Amino acid sequence: NNPGGTDSGNTNPPSGGGGNDSGEVEQVFIGTSVNDNAMGSVTGMGTYNKGESVTLIANANEGYRFVSWGDEVTDNPRTVTADVNGVTYSAIFEAV
């Protein structure tokens, strides 16, 4: 009997919570930058599911060319895996 209408006997936590068993995929942010906005831009910045393949494209403005990424990779477009949150890929451009 519970004449007061309150349930003081249930101390078990709600079921289904905790851990990484929720089925949600972790989100990872990929950032991009350029050495000079007047020289070009990069597409591909955004939030992705962890483990997803991401294509980054360095777009040189007229009179400039893409040299490399900040880590000296020269692939353009470049495919990376979204595995570490907050990584930024920097495009380096120079005058032609």
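This write-up is about the structure you can find in this document. Note that the coordinates shown come from a computational prediction; the quantities given were computed from them, not determined experimentally. (Residues numbered from 1 in each chain as written. Predicted model: local features only at pLDDT ≥ 70, side-chain atom pairs only at ≥ 80, totals over all residues. Heavy atoms only, no water.)

1. So, the pairing of strand E1 (residues 27-34)
- Looking at chain direction, E1 and strand E3 (residues 46-49) are connected through four bridges and run antiparallel. The residue bridging phenylalanine 29 from the neighbouring strand is threonine 47, located in E3.
- As judged from the five bridges shared by E1 and strand E7 (residues 87-95), these two strands associate in the parallel manner. Each residue of the ladder has a partner; that of serine 33, found in E7, is serine 90. (Pairing = 2+ DSSP bridges. Helix = DSSP H or I, 4+ residues; strand = E, 2+ residues; numbered from the N terminus.)

2. Digging into the nonpolar core
- Ranked by internal contacts, the top residues of the largest apolar core, which has 15 residues, are Ile30, Leu56, Trp69 and Ala91.
- Those elements that provide at least two residues to this core are E1, strand E4 (53-60), strand E5 (64-69) and E7.
- Contacts of isoleucine 30, omitting those with residues within four sequence positions, involve Met45, Gly46, Tyr48, Leu56, Ala82, Val84, Val87 and Tyr89. (Core = buried A, V, L, I, M, F, W, Y, C linked by side-chain atoms within 4.5 Å. Buried < 20%, exposed > 50% of the residue type's maximum accessible area, 1.4 Å probe, protein only. Contact = heavy atoms within 4.5 Å.)

3. Side note on the sheet that holds E4
- Strand order in the open sheet formed by three strands is E2-E4-E6, with antiparallel pairing between adjacent strands. Of all strands in the sheet, those bounded by a partner on one side alone are strand E2 (40-43) and strand E6 (78-81). Each neighbouring strand pair of the sheet contributes to a mean axis angle of 25°, computed without reference to strand direction.
- Relative to E6, E4 runs antiparallel, the two being bridged by four bridges. When the sheet's bridge partners are listed, serine 53 is paired in E6 with threonine 81. (Axes fitted to C-alpha atoms, helices over the stretch in contact; angles between N-to-C directions.)

4. Remarks on the pattern of salt bridges
- According to the stated counting rule, one finds three salt bridges in the structure shown.
- Of the charged contacts, one joins glutamate 26 and lysine 50 as a salt bridge, the two residues approaching to 3.8 Å between their closest N and O atoms. Of this pair, glutamate 26 sits in the segment before E1 while lysine 50 sits in the loop between E3 and E4; the two residues are 24 residues apart in sequence, bridging distant segments of the chain.
- Classification of glutamate 26 by relative accessible area gives partly exposed; the value is 47%.
- For glutamate 94, the salt bridge is made with arginine 65, and the minimal N-O distance between the two is 2.5 Å. You can see glutamate 94 sitting in strand E7 and its partner arginine 65 sitting in strand E5, a full 29 residues away along the chain. (Salt bridge = Lys/Arg side-chain N within 4 Å of Asp/Glu carboxyl O.)

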